[in-house]
Amino acid sequence: MPMWVWVIVGVVVAGLFVAAGVVYRLIEVRRAGTPVLLRSRPADADQGWRHGSVQYGDDALAYYRLSSLRPGPTVSLSRRRIEIVGRRAPVGTELEIMDADFAIVELSIGRSGAGGRYEIGMSPAVSTAFQSWIEARAPKRSKRRRPAA
C-alpha cells in the first residue's frame, strides 16, 4: 500500500479517538453533575462564562467544563476556602445565556481572595443546594480525630 493510504488511515483513527473522547466527556459531565455557568474574575461584563457542571464532594467542588477534553475537573475549589461574597441577578447580555431567575453567586477562594475569585450562574434550586453544601461544611477550627491504634 502506498504511504499516503497509511497517513489517511492514521488521521481517521486519531479522529475517531478524539471523537470518542469528546462523546465520553459529554456523557460523563451531563450524567454526574449539576449544570452551571462559571467564570473567573475579573472579567468584562459579558465575557468569560463557560458552560459545565459541578460535582459536590466532601472536601471540594469539582467543575467540569462542557467543551474540554481534560479527563479530570477543569477547576477544583476547596470547600473550606470558599467564601460567598455576593449574589446578584444576571444583567445585560448575561440574559442571553441565563434565565432571568438565575442567581449569580460571587465567590472568593481563601483569605481575601488569594486563591482566586469566581462567579457561578445557577438556577434557584441549584443555588439553594450550593448554599446548603457550603453551610454544612465543618468549622475551620475542627480537625478529624485519628482512629485509635
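Note that the structure is predicted; figures quoted are calculated from it, not measured.

Caption draft 1: Up close: the sheet that holds strand β3 (residues 60–65). Pairing is antiparallel across the open sheet formed by 7 strands, whose spatial order is β4-β3-β2-β1-β7-β6-β5. Whereas interior strands pair on both sides, the edge strands pair on one side only; in this sheet they are β4 (75–78) and β5 (82–88). Geometrically, the sheet is characterised by an average inter-axis angle of 35 degrees between neighbouring strands, direction not taken into account. By the bridge criterion, 5 bridges tie strand β1 (residues 34–41) to strand β7 (residues 117–122) in an arrangement that is antiparallel. Bridging from a neighbouring strand, Arg-39 pairs with Glu-119 of β7.

Caption draft 2: A look at the confidence of the model for the protein. For the protein, the mean per-residue pLDDT works out to 83, and 89% of the residues sit at or above 70. Mean pLDDT values for the elements of the protein range from 85 in helix α1 (residues 3–32) up to 90 in β7.

Criteria and cut-off values
- Residues numbered from 1 in each chain as written.
- Predicted model: local features only at pLDDT ≥ 70, side-chain atom pairs only at ≥ 80, totals over all residues.
- Heavy atoms only, no water.
- Pairing = 2+ DSSP bridges.
- Helix = DSSP H or I, 4+ residues; strand = E, 2+ residues; numbered from the N terminus.
- Axes fitted to C-alpha atoms, helices over the stretch in contact; angles between N-to-C directions.
- pLDDT = per-residue confidence, 0-100.

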